[in-house]
Every structure is written in structure tokens, then in C-alpha cells.
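Commentary on secondary and tertiary structure
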Amino acid sequence: MIEAPEALYISEQMNQTIKGKKITFVSAGYTPHKFTWYYGDPAGYPDKLLNKTIGEAHAYGGLIEIDIEDVRLLFGDGMNIRYYAPGEKIPEKHQLLIAFEDESCIMGSVRMYGAVMCFPENNFECNFSSYREGARTKPQVLSEAFDKAYFFSLINSEEKQKKTAKAFLATEQTIPGLGNGVLQDILFHARIHPKTRINALTEKQKEMLFDCVKSTLQEIYRAGGRNTETDLFGNKGRYIPVLSKDTGGKPCPVCGEAIRKENYMGGSIYYCFECQKQI
């Protein structure tokens, strides 16, 4: 699933590649997928999009949203978005296909689950509304607005004190676009165990956590995403996670202790027992 660094990277690729192109063909819902969420009936997407021009693409947390004249096109974090140049062979299965007058196209396909939503500007009312609104209105984690003062206003709030480090960072959209995929390395670099409660952290540890949120996500962004994700052109990211399913059981690169895996809060956590002491 793409998270904040990948969403930002792909949105910038879109602005360099498809912005200004006129839409000449639209197919939505061509390949049935029961875990794809549309806004309304996908059969109506051609009427909303045909003959319109692609505008600016924006990254909101793990979401990518494109301005297309009087409508918006939103891709949820479970969508794989791919650009195909004129003449390139395109896959037969897809949940969204948009072609342009130069015969290039973009395609959206769902992995496990995902959303692709086309809706009128300033009129977005569905079960996904609060999720989108949170992602749009909060400071973006890779922006200057997400500074130390803002981070401390989050981590020092009374409601967060009993939460664990994982729960604080990656649930309830506290930080949109920061999920389990990037969480592991952030906590490893900060030397904080995923189960450590926020009220047990010192001020120095909180500052370190902020620094690692910013530096780790910047590193992922500069590398074009994690190596488990692909960009707009199908290229894998160059960031290799320190902690992931691929490194579980292998030696910690710092101390040599075997990296441990546990099930926690509906997902997996990876950590080094020596470098990330639980307090």
C-alpha cells in the first residue's frame, strides 16, 4: 500500500507526465473486483471525464487526487496507478482506464482493496468523506507545516498518552499517510519499541521520534518509494526497509540481534530486542 512518501512522489510524476492532457476515453469497473470502492456508479465516469483536461495532482497523506476541471479523481492507497506511453501494451484487467488524445493512458488496478472515486468539485458525500477530509486538512507530514511544534501538539495531547508508539503514529489518521509500512523503520531509527506507551517517553525521545519521522519519510521519498511499491512508470522504489517481512529473523544491522516479528493491533510489528527496549 502506498503511504505518504510514495503518494507525493507519484503525484509529482503525474504533474510532469499527464497534466494538461485531454481525455478521450474512459473505462471504469471493466474488471469486477469486490474490494474496489467507487463514488457512485462507475458506469457514469465517462460522462464526468470525457473531453476534459487533466489538471494538478495532489498528495494528501496516502491519497492522490487530481483536479480535472469541475470534477476530482481520487485514488486510495490500495490502488496501483500506472502510466503507459503511446504504443505500450496495456494489461487486460483494470478498474480504471483513462486514455488521452496522444494515445497514452493511465490505468488504476486494485491489489487487495482500494478506492478510485470520481466526483463533482466541492461535493463529496460518502463513507470515505471523513477519511479524505482528515487527509486534506491536516499538515502533510513531508511539508514544512508539519514541524516540531505541531508534532508536539499531537504527542503531548491527553488522549494520546496511553497509546503505544505504534498506535500513536499509525492509527486514527493522527498522521495521514503514515502507516504500518513505514512505521517499523521510523521506530527502529528512534530506538523506540512499538509497544512503548507515549507517556513513558522522555522529551528527548519525543524529539528523536519527530526527527526520525521526518528523516525516514524524506529518505523514502528521495528514493522514489520503498522497494515493495512501484511508481507511475512501474519502477520499484529504491528504499530498502531495515525492518520488514524480508528481514524478520535476520541480524539487526546495528547490534546483530535477530529481528523479531510479532502480531500486534491487527498487523505485524518488527523490532530489535536490544536496540528497541520496551519501557
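Residues numbered from 1 in each chain as written. Predicted model: local features only at pLDDT ≥ 70, side-chain atom pairs only at ≥ 80, totals over all residues. Heavy atoms only, no water.

The name an unreviewed UniProt entry assigns to the protein chain is FPG-type domain-containing protein, from the organism Parabacteroides gordonii MS-1 = DSM 23371.

Secondary structure assignment for the protein chain yields seven helices and eleven strands. At 20 Å, the protein chain has a C-alpha radius of gyration in line with the 19 Å of a compact globule built from 279 residues. Each of the three principal axes of the protein chain carries a C-alpha extent, and together these read 60 × 40 × 35 Å. Burial statistics for the protein chain: of 279 residues in total, 52% are counted as buried. (Helix = DSSP H or I, 4+ residues; strand = E, 2+ residues; numbered from the N terminus. Rg over C-alpha atoms; globule rule 2.2 N^0.38 Å. Buried < 20%, exposed > 50% of the residue type's maximum accessible area, 1.4 Å probe, protein only.)

On to the pairing of strand E8 (residues 105–110). Burial runs high along E8: five of the six residues are buried. Two strands pair when backbone bridges link them, and strand E6 (residues 79–84) and E8 are joined in this way by six bridges, in the antiparallel orientation. Considered in E8, the bridge of Ile81 is made with Gly108. In this sheet, E8 lies alongside strand E7 (residues 96–100) in antiparallel orientation, the contact comprising four bridges. Across the sheet, Leu96 pairs through a bridge with Gly108, a residue of E8. Where E7 hands over to E8, the hairpin turn is made up of four residues, of which Glu103 adopts a positive phi near 75°. (Pairing = 2+ DSSP bridges.)

What follows covers the nonpolar core. Judged by nonpolar contacts, the single largest core of 41 residues is most densely connected at Met14, Tyr45, Leu49, Ile66, Leu73, Phe75 and Leu96. Ranked by residue count, the leading element in this core is strand E9 (residues 114–120), at five residues. When sequence neighbours within four positions are dropped, the list of residues in contact with Phe75 reads Met14, Leu63, Ile64, Ile66, Ile81, Leu96, Ile106, Ala115 and Val116. The next biggest cluster of nonpolar side chains, apart from the first, holds 30 residues, and it includes Leu142, Ile155, Leu187 and Ile198. (Core = buried A, V, L, I, M, F, W, Y, C linked by side-chain atoms within 4.5 Å. Contact = heavy atoms within 4.5 Å.)

So, on to the packing of helix H6 (residues 180–190) against helix H7 (residues 203–222). Where H6 meets H7, the axes come as close as 9 Å, and the angle between the chain directions of the two elements is 130°. Judged by the angle between their axes, H6 and H7 are oblique. With respect to the hand of their crossing, H6 and H7 are arranged in right-handed fashion. For the pair H6 and H7, the contacting residues are Val182, Asp185, Ile186, Leu187, His189 and Ala190 in the first and Met208, Leu209, Cys212, Val213, Thr216, Leu217 and Ile220 in the second. Taken together, the residues of the contact of H6 with H7 break down into ten nonpolar, two polar and one charged. (Axes fitted to C-alpha atoms, helices over the stretch in contact; angles between N-to-C directions. Parallel < 35°, antiparallel > 145°, perpendicular 65-115°, else oblique. Left-handed = near helix turned anticlockwise from the far one by under 90°. Nonpolar A, V, L, I, M, F, W, Y, C, P; charged D, E, K, R; others polar.)

UniProt feature "domain: FPG-type" (unreviewed entry): in the numbering of this structure it lies at residues 231–277. With 0% helix and 26% strand, residues 231–277 has its two end C-alpha atoms placed 35 Å apart. (UniProt positions renumbered as here; feature names shortened; annotations may be inferred.)

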